[in-house]
Amino acid sequence: MPVKSGWDLRTFGVGAQNLSALGVKKMRVMGTPTKLTGVSGFGLELAGYLEADETE
């Protein structure tokens, strides 16, 4: 699934740098599964996704 158009991919790079600086290695992302390429370049591993509960 490609990254949605209109997203600023530079934001992902800045966020990845911040997470890496904080010592994050593995993470589970809240939201809809989306293919995020390049986060491994920052030493990050996507361990899974937590999808929003649609009953709320």
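Look above for the structure.
Throughout what follows, the structure given in this document is the object of discussion. (Residues numbered from 1 in each chain as written. Predicted model: local features only at pLDDT ≥ 70, side-chain atom pairs only at ≥ 80, totals over all residues. Heavy atoms only, no water.)

A look at the overall build of the protein
Move 1: Check the secondary structure of the protein and you find one helix and two strands.
Move 2: Every one of the 56 residues in the protein was classed for burial, and the buried ones make up 12%.
Move 3: Considering only contacts within the protein whose residues lie at least 6 apart along the sequence, 32% involve residues at least 24 apart.
Move 4: Accessible surface, the protein as shown: approximately 4,600 Å² in total, 55% of it carbon and sulfur. (Helix = DSSP H or I, 4+ residues; strand = E, 2+ residues; numbered from the N terminus. Buried < 20%, exposed > 50% of the residue type's maximum accessible area, 1.4 Å probe, protein only. Contact = heavy atoms within 4.5 Å. Areas by Shrake-Rupley, 256 points an atom, 1.4 Å probe, with all protein chains shown as cover.)

Points about the environment of Met30
Move 1: Mapping Met30 onto the fold places it in strand 1 (residues 26–30).
Move 2: Judged by relative accessible area, which is 71%, Met30 ranks as exposed.

With respect to the environment of Phe12
Move 1: Within the fold, Phe12 resides in helix 1 (residues 9–21).
Move 2: Given the relative accessible area of 31%, Phe12 is considered partly exposed.
Move 3: For the pair Phe12 and Thr37, spaced 25 residues apart in the sequence, the C-alpha separation amounts to 9.9 Å.

Brief notes about the environment of Val39
Move 1: Looking at the secondary structure, you find Val39 in the loop between strand 1 and strand 2 (45–50).
Move 2: The exposure class of Val39 is buried, given its relative accessible area of 14%.
Move 3: On a C-alpha basis, the gap between Val39 and Phe12 in space is 8.1 Å, while along the polypeptide they are 27 residues apart.
Move 4: In contact with Val39, other than residues within four places in its own chain, are Leu44 and Leu46.

In short, shape yes, function no, at least from these values alone.
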